[in-house]
Amino acid sequence: MRYGYFSDEEREYVINRPDTPLPWLNYLGTDSYFGIISNTAGGYSFYRDARLRRLTRYRYNNVPSDFGGRYLYLRDDASGAYWSPTWQPTQSELDHYECRHGLSYTRITSAYQGVRAETLYFVPLGETLEVWRLRVTNERTTPLDLSVFSSVEFCLWDALDDASNFQRNYSIGQVEVVDDVIYHKTEYRERRDHFAYFACSEPLAGFDTQRESFLGPYRGFDRPIVVEQGASNRSIAHGWAPHGSHHVKVSLAPGETREVIFVLGYWENPRDAKFDPPGSQTINKTLVRPVIDRWRRPEVVAEGFQQLRDYWSSLLSVVQVNTPDTDTDRMVNIWNPYQCLVTFNLSRSASGYESGIGRGMGFRDTTQDLLGFVHMVPERSRERLLDVAATQLPTGGAYHQYQPFTKRGNDGIGSGFNDDPLWLIMAVAAYLKETGDWSVLDEPVPYDNTPGTETPLYEHLQRSLKYTLDRLGPHGLPLIGRADWNDCLNLNCFSETPGEPFQTTANREGGVAESVFIAGLFVLAAKELAGIAQARSRPEEAAGYRAEAEKMTGAITEHAWDGAWVRRAYDYFGNLIGSSENDEGQIFIEPQGMCIMAGVGLEDGMATRALASVRERLATEHGIVLQQPAYSRYYVELGEISSYPPGYKENASVFCHTNPWIMVAEAMANHGDEAFHYYKLINPSAREAISEIHRCEPYVYAQTIAGKDAPTFGEAKNSWLTGTAAWNLVAISQWILGIRPDFDGLVVDPVLPSAWEGFTATRRFRGATYEITVRKPAGVRGRVDHLVVDGVRTEGNLIPPAPPGSTVRVEATIG
Ligand code: GLC
Ligand code: GLC
């Protein structure tokens, strides 16, 4: 069952009923001012940090769900009837409803009793504000006197404190209302130099800034007293809950349309110019006023919106494909890169499942996210890499997370997740392959952000590899530490205390828990670093890394091959995990994917056998589950993984991040049909038709889909902020379609489903544009053995970089 449809032309998902199974979200903002917005205008906004600079309130885990938002109320002043043109919060029976989620904007249109309303929400490029553009049309045959009320609930900045410290917070709220603009200035009188403002393009009939005055005692947002009565109270908040509401009266002749613009924004004043007049307690508005006045103008708004559209067209033009499969095209060309950019900007901070107050930027998350956006924003990727690397510890280890505001490692979480540092090598390699910017390796970067400790970035990579080599266990496999990629495989934790966090609690000393996943990742990273060393004319160093990769491959073959698949780990006591010897958790997805991606077993048949085991034991109609059999009870020696009921999260859900590793592995093993089959199973667009089962947004990936052991098999959860986005884009664009940047140029090496007869693609790469045509007779499998580049036959599949500005025609024939 569908709740809408894709408009590929407009790059929008069009939702045509408000009661989607879950709130279907979109994001506003591209740079420093962000918001989440649901299909019924729920959500909130913040400046840079979703916890520390929260502008508006949202109530997670509330009933009804999705509460707090960018709300409007329309009131027919003749009859007194009122409704929300975005359905929430009044939930009136609209005669027509449509929400279009586009790239960094959302437009909700509705009709009610002959009044049509369209509200466009977006954040203009380079601004720290959001625009709501309401267009109302009187579709009746009689004149209409309409009242428009706006409503936002201000957050007192620190979202965690705002939701808990009521003994203080009920007494600190402050606002100013000057020239019809509402200013929220809680704590501005003392240590803050920022405030929020809420303005409207029209003269006001009234306003309210105290929530209780707007709503009336014991009332909810579904029936504010002010809207019911049709008149604002001009309330000024002193403490309690500062609120922003404008009242605008609009008279519309039959057929007439009017535009009303609301601007909600964030502003920082210089410390020494906070007040006007100096010495007073009044906000100095001289700097912000021109900005407010500008964005109240319809032509400025129209132009700003067009600029946003152009920005996205330009970003997406880097990779555009035209394949026989619509789900592939729309994910690769539109939604998957969009989701990657959102994860780049938001990491794991703010979504329908991440409350914006919890997590910093994960070291491994950020470095993997980079794989999905480096081609679109190379300069920002460079900066991000240097930020992450600067949190690395002198040992080569890494803080598991860092804070986006301070860019410092997070002591609360600490380090010791032994896969973390290796991802830095993967990210830097991806950056170098995309950009050819070798100078990044010479950038001086400190350790633990400590001035004076700088070394070239290159040395950070060397130390990352050494970190693993310094921590090998009895089988020559890497010690796992707190956990590897699977945060819930906590083999040294032994937690028996309720509520104790598995990731941060004191670990038991003296164990020998080893990770085969890290072993695979090490092989891959060592080969990448060898490639980098080679390119930097350090052939001996490169040979050394290759030798280490060989040695680790040997350890995997000797100690981790279980006969039909690769084992997962050795536990604290040296017992096997992910082996046929185990009762539960006999086979895990991660080591199969990672080891094969690293090239382990591709030559001796191990890879093919392991992939067959994945197909037999892990693949389901909703994707590949993480392990089998699911853990049916808590195993203290395994940790959090066994804390989840079977079929959820790390305990045998389809953990979507891992599925593309198998897609890549299948492609490397020349299995185009299998790779693409797995790709389609979790492709959100391909799952649109079963939205009542999938339940999450059909335009973005979710972290998990409940596995076959769960009663809700097929139900997705934790959409939007997940490493799944980056890896799926890598799997489809670089391995299945096979257009892959490498150190020395662009590789074209598709591994296609046999039914396909080829595809075309445009790829911008290091300033040149490649027009690629791949041809293949239906039914044929195989790889390209030569390319025709601008009419000239080139052996192999690598195209050396062309001069910037040039257009290169590439033809590839398979079979
Ligand atoms: C979450 C974490 C990620 C981890 C994964 C598997 O997505 O953000 O770092 O690798 O779970 O546990
Ligand atoms: C929980 C989640 C896991 C995540 C970890 C760290 O354990 O199951 O996915 O990586 O928290 O936040």
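This one's a predicted model, so the numbers in the text were calculated from it and none came from an experiment. (Residues numbered from 1 in each chain as written. Chains lettered and ligands numbered in written order. Predicted model: local features only at pLDDT ≥ 70, side-chain atom pairs only at ≥ 80, totals over all residues. Heavy atoms only, no water.)

Q: Can you help me understand the layout of surface pockets in this one?
A: To find the voids left in a structure, one rolls a probe of water-molecule size over its atoms. There is about 1,000 Å³ of room inside the largest pocket. Looking at the lining of the largest pocket, the element that brings in the most residues is helix α19 (residues 724–736), giving 6 residues. Looking at the lining of the largest pocket, its residues break down into 27 nonpolar, 7 polar and 10 charged. (1 Å grid on protein atoms, 1.4 Å probe; cavity = no way out; pocket = protein on both sides within 12 Å on 5 of 7 lines; lining within 4 Å. Points joined across faces, edges and corners; volume = space filled by probe spheres on them. Helix = DSSP H or I, 4+ residues; strand = E, 2+ residues; numbered from the N terminus. Nonpolar A, V, L, I, M, F, W, Y, C, P; charged D, E, K, R; others polar.)

Q: When you look at the sheet that holds strand β25 (residues 514–515) in this model, what are you seeing that I'm missing?
A: Working definition: the strands of a sheet are paired by backbone hydrogen bonds and lie parallel or antiparallel to each other. Across the sheet, which stays open at both edges, the 3 strands sit in the order β25-β26-β27 with antiparallel pairing between neighbours. Strand pairing shows two members of the sheet lacking a second neighbour, β25 and β27 (576–577), which therefore form its edges. Bridge count for β25 against strand β26 (residues 569–570) is 2 bridges, and the pairing is antiparallel. In the sheet register, glutamate 514 faces β26, and the bridge partner there is tyrosine 570. (Pairing = 2+ DSSP bridges.)

Q: I keep staring at the site of ligand 1 and nothing clicks. Help me out?
A: Taken together, the residues surrounding ligand 1 are Arg359, Arg364, Asp365, Trp485, Asn486, Asp487, Glu650, Phe655 and Gln703. A distance of 2.8 Å separates an oxygen atom of ligand 1 from a polar side-chain atom of arginine 364. Residue tryptophan 485 places a main-chain N or O atom 2.5 Å away from an oxygen atom belonging to ligand 1. A per-class count over the shell around ligand 1 returns 2 nonpolar, 2 polar and 5 charged. (Near = heavy atom within 4 Å. Polar contact = N/O pair within 3.5 Å; in protein donor to acceptor, adjacent residues only side chain to side chain.)

Q: Looking at this structure, I do not really get the pattern of salt bridges. What am I missing?
A: Oppositely charged side chains may form a pair once their charged atoms are brought near each other. Taken as a whole, this structure holds 59 salt bridges when the rule is applied. Close ionic contact of arginine 57 with glutamate 153 constitutes a salt bridge, the shortest N to O distance being 3.0 Å. Of this pair, arginine 57 sits in the loop between β6 (54–56) and β7 (71–76) while glutamate 153 sits in strand β13 (residues 144–157), and the two are 96 residues apart along the sequence. Each of the two residues, arginine 57 as well as glutamate 153, counts as buried. (Salt bridge = Lys/Arg side-chain N within 4 Å of Asp/Glu carboxyl O. Buried < 20%, exposed > 50% of the residue type's maximum accessible area, 1.4 Å probe, protein only.)

Q: Just checking my understanding: could you explain the sheet that holds strand β14 (residues 175–178) for this structure?
A: Ordered in space as β1-β2-β9-β10-β11-β12-β19-β16-β15-β14, the 10 strands form an open sheet in which the pairing is antiparallel. Strands with a single pairing partner mark the edges of an open sheet, and in this sheet they are β1 (4–7) and β14. Adjacent strand axes in the sheet meet at a mean angle of 15 degrees when their direction is disregarded. Judged from the 8 bridges that link them, strand β11 (residues 115–122) and strand β12 (residues 129–138) form a sheet pairing that is antiparallel. Paired with arginine 116 across the two strands is threonine 137, which belongs to β12. (Axes fitted to C-alpha atoms, helices over the stretch in contact; angles between N-to-C directions.)

Q: Looking at this structure, how should I read the packing of helix α15 (residues 606–617) against helix α16 (residues 659–668)?
A: For any two helices packed against each other, the geometry comes down to the angle between their axes and how far apart the axes lie. At a closest axis distance of 11 Å, the pairing of α15 and α16 adopts a crossing angle of 135 degrees. Considering the angle they form, α15 stands oblique to α16. As for how α15 packs across α16, the hand of that crossing is left-handed. Touching Leu611, Val614 and Arg615 of α15 are Ile662, Ala665 and Glu666, all from α16. (Parallel < 35°, antiparallel > 145°, perpendicular 65-115°, else oblique. Left-handed = near helix turned anticlockwise from the far one by under 90°. Contact = heavy atoms within 4.5 Å.)

Q: Would you take a moment to explain the packing of aromatic side chains for this structure?
A: Remark: the centre distance and the inter-plane angle together describe each pair of aromatic rings, the angle taken between the planes. One pass over the full model with this rule turns up 51 aromatic pairs. Plain terms: the ring middles of phenylalanine 67 and phenylalanine 221 are 6.4 Å apart, the flat faces sit at 50 degrees to each other, and that makes the pair tilted. Here phenylalanine 67 is found in the loop between β6 and β7, whereas its partner phenylalanine 221 is found in the loop between α3 (211–215) and α4 (225–229), with 154 residues between them in sequence. Judged by relative accessible area, which is 11%, phenylalanine 67 ranks as buried. Between tyrosine 170 and tryptophan 240, the aromatic rings sit 4.7 Å apart at their centres with planes inclined by 40 degrees, giving tilted as the arrangement. Of the two residues, tyrosine 170 is situated in the loop between α2 (166–169) and β14 and tryptophan 240 in the loop between α4 and β18 (242–252); the sequence distance between them amounts to 70 residues. Judged by relative accessible area, tryptophan 240 falls into the exposed class, the value being 52%. The structure contains a cluster of three or more aromatic residues connected by ring pairs, namely Tyr3, Phe6, Tyr13, Trp24, Tyr27, Tyr311, Trp312, Trp335, Tyr338, Tyr699 and Trp720. (Phe/Tyr/Trp six-rings, centres within 6.5 Å; stacked < 30°, edge-to-face > 60°.)

Q: Can you help me understand a nonpolar patch on the surface in this one?
A: Among the surface-exposed residues, Phe166, Tyr170 and Trp240 lie close enough to one another that they form a single nonpolar patch of about 330 Å² accessible area. Along the polypeptide, phenylalanine 166 turns up in helix α2. (Patch = residues over 30% accessible without salt bridge, like charges linked within 9 Å, V, L, I, M, F, W, Y side chains within 5 Å. Areas by Shrake-Rupley, 256 points an atom, 1.4 Å probe, with all protein chains shown as cover.)

Q: Just to check I follow, could you spell out the site of ligand 2 for this structure?
A: Around ligand 2, a shell composed of Arg359, Asp487, Cys488, Gln503, Glu640, Tyr644, Lys649, Glu650, Phe655 and Gln703 is seen. In the model, an oxygen atom of ligand 2 is placed 2.7 Å from a nitrogen or oxygen of the aspartate 487 side chain. Contact between ligand 2 and tyrosine 644: an oxygen atom at 2.7 Å from a side-chain N or O atom of the residue. Summarising the interface, the protein chains cover 80% of the accessible area of ligand 2, which totals 300 Å² for the free molecule. Residue composition of the shell around ligand 2, by class: 3 nonpolar, 2 polar and 5 charged.

Any functional reading would require information beyond the geometric quantities listed.
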